[in-house]
Amino acid sequence: MNKPVYATLILMLLLSACARETVLLLPTPDGRPGAVVVTPKQGEAVVVDKAGTAVDVSGDSAGAAYAVSEERIRKEFGATLDALPIPPKHFLLYFTSGTADLLPESAALLPQVLETIKERLSTDVSVVGHADREGDPKWNYTLSRRRAETVSVLLKNMGVNPEHMEITSHGEENPLVPTADNVAEPRNRRVEVIVR
């Protein structure tokens, strides 16, 4: 199943009367900084690295980057912005070392996960298990799978259709906090639930 990739959002506007393209950098859904390099056929490349900044490309060259007001963005790109899908919502649930037992504060997040699924009428929920690098990699893969299955069963018991959940595990790969081998890191003992 193809899933949309959410990254820095860039809008381009082609104004045929002026033969001009405008590249506008918008904020990422999660608020992280983004950037784009506009490279015209001739002249120097222009880096756009602040949300709400644009650059015009006319013919073979690009102008200087400039700020665009929220009002102008809404006026020129409102219909496109309104048609964008809602960005996915991510939840991180943490576990006791060496177990598939949710920490109490993570278990307390499950009603929020359920509410988000209901609000979005979601039929696309990823449940991804992870482990830290303490112990054997094979065991960590098995443990991360058990963690993902634990969360999926809890969500199923709360009323989430199991056919709407994709359960995967990464073992000790893709850590949230990179560590050396055999290092315990509580933030890597997690399940990420992604609601689209």
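Residues numbered from 1 in each chain as written. Predicted model: local features only at pLDDT ≥ 70, side-chain atom pairs only at ≥ 80, totals over all residues. Heavy atoms only, no water.

A look at the overall build of the chain
Regarding its fold elements, the chain presents 4 helices and 11 strands. Based on the C-alpha atoms only, the size of the chain along its principal axes is roughly 60 × 40 × 30 Å. Here the analysis covers contacts within the chain between residues at least 6 apart in sequence; of these, 61% occur between residues at least 24 apart. Surface exposure of the chain reaches about 11,400 Å², of which carbon and sulfur atoms provide 55%. (Helix = DSSP H or I, 4+ residues; strand = E, 2+ residues; numbered from the N terminus. Contact = heavy atoms within 4.5 Å. Areas by Shrake-Rupley, 256 points an atom, 1.4 Å probe, with all protein chains shown as cover.)

Structural notes on the pairing of strand β2 (residues 20-26)
Burial analysis of β2 places 6 of its 7 residues in the buried class, which makes it a mostly covered element. As defined by bridge partners, β2 adjoins strand β5 (residues 53-58) across 6 bridges and the pair is classed as antiparallel. The residue bridging Glu 21 from the neighbouring strand is Val 57, located in β5. (Buried < 20%, exposed > 50% of the residue type's maximum accessible area, 1.4 Å probe, protein only. Pairing = 2+ DSSP bridges.)

Points about the sheet that holds strand β8 (residues 89-94)
Strands sit in the order β8-β11-β9-β10 across an open sheet of 4 strands; the sheet is mixed. In this open sheet, the two strands that pair with only one neighbour each are β8 and β10 (165-169). Looking at each pair of strands side by side, their axes are set apart by 15° on average, direction ignored. Here β8 pairs with strand β11 (residues 190-195) via 6 bridges, running antiparallel. From the neighbouring strand, Tyr 94 faces β11, where its bridge partner is Arg 190. (Axes fitted to C-alpha atoms, helices over the stretch in contact; angles between N-to-C directions.)

Observations concerning the side chain of Glu 192
Looking at the secondary structure, you find Glu 192 in strand β11. For the buried Glu 192, which has no salt bridge, the nearest side chain bearing the opposite charge is Arg 190, at an N-O separation of 5.1 Å. Among the polar contacts listed, one links the side chain of Glu 192 to the side chain of His 90, at a separation of 2.6 Å. Discounting residues that sit within four places of it in the chain, Glu 192 has contacts with His 90, Phe 91, Leu 92, Ser 126, Val 127, Val 128 and His 130. (Lys, Arg positive; Asp, Glu negative; His and termini not counted. Salt bridge = Lys/Arg side-chain N within 4 Å of Asp/Glu carboxyl O. Polar contact = N/O pair within 3.5 Å; in protein donor to acceptor, adjacent residues only side chain to side chain.)

A closer look at unusual backbone geometry
For Leu 121, which is not glycine, the phi torsion reads 50° and is therefore positive. Within the secondary structure, Leu 121 is located in the loop between α3 (110-120) and β9 (125-129). The phi dihedral of Asn 182 falls on the positive side, at around 65°, and the residue is not glycine. Mapped onto the secondary structure, Asn 182 falls in the loop between β10 and β11.

Notes on the pattern of salt bridges
Opposite charge on two side chains permits them to pair, given that their charged atoms come into close proximity. Per the stated rule, a full pass over the model turns up 8 salt bridges. The salt bridge partner of Arg 74 is Asp 82, with a shortest N-O separation of 2.4 Å. Taking relative accessible area as the criterion, Arg 74 reaches 41% and is therefore assigned partly exposed. Given the relative accessible area of 56%, Asp 82 is considered exposed. The residue Glu 172 makes a salt bridge to Arg 133 at a minimum N-O spacing of 3.5 Å. Of this pair, Glu 172 sits in the loop between β10 and β11 while Arg 133 sits in the loop between β9 and α4 (137-157); the two residues are 39 residues apart in sequence, bridging distant segments of the chain. Arg 133 sits in the partly exposed class, given a relative accessible area of 24%.

These figures come from the coordinates and say nothing about function on their own.
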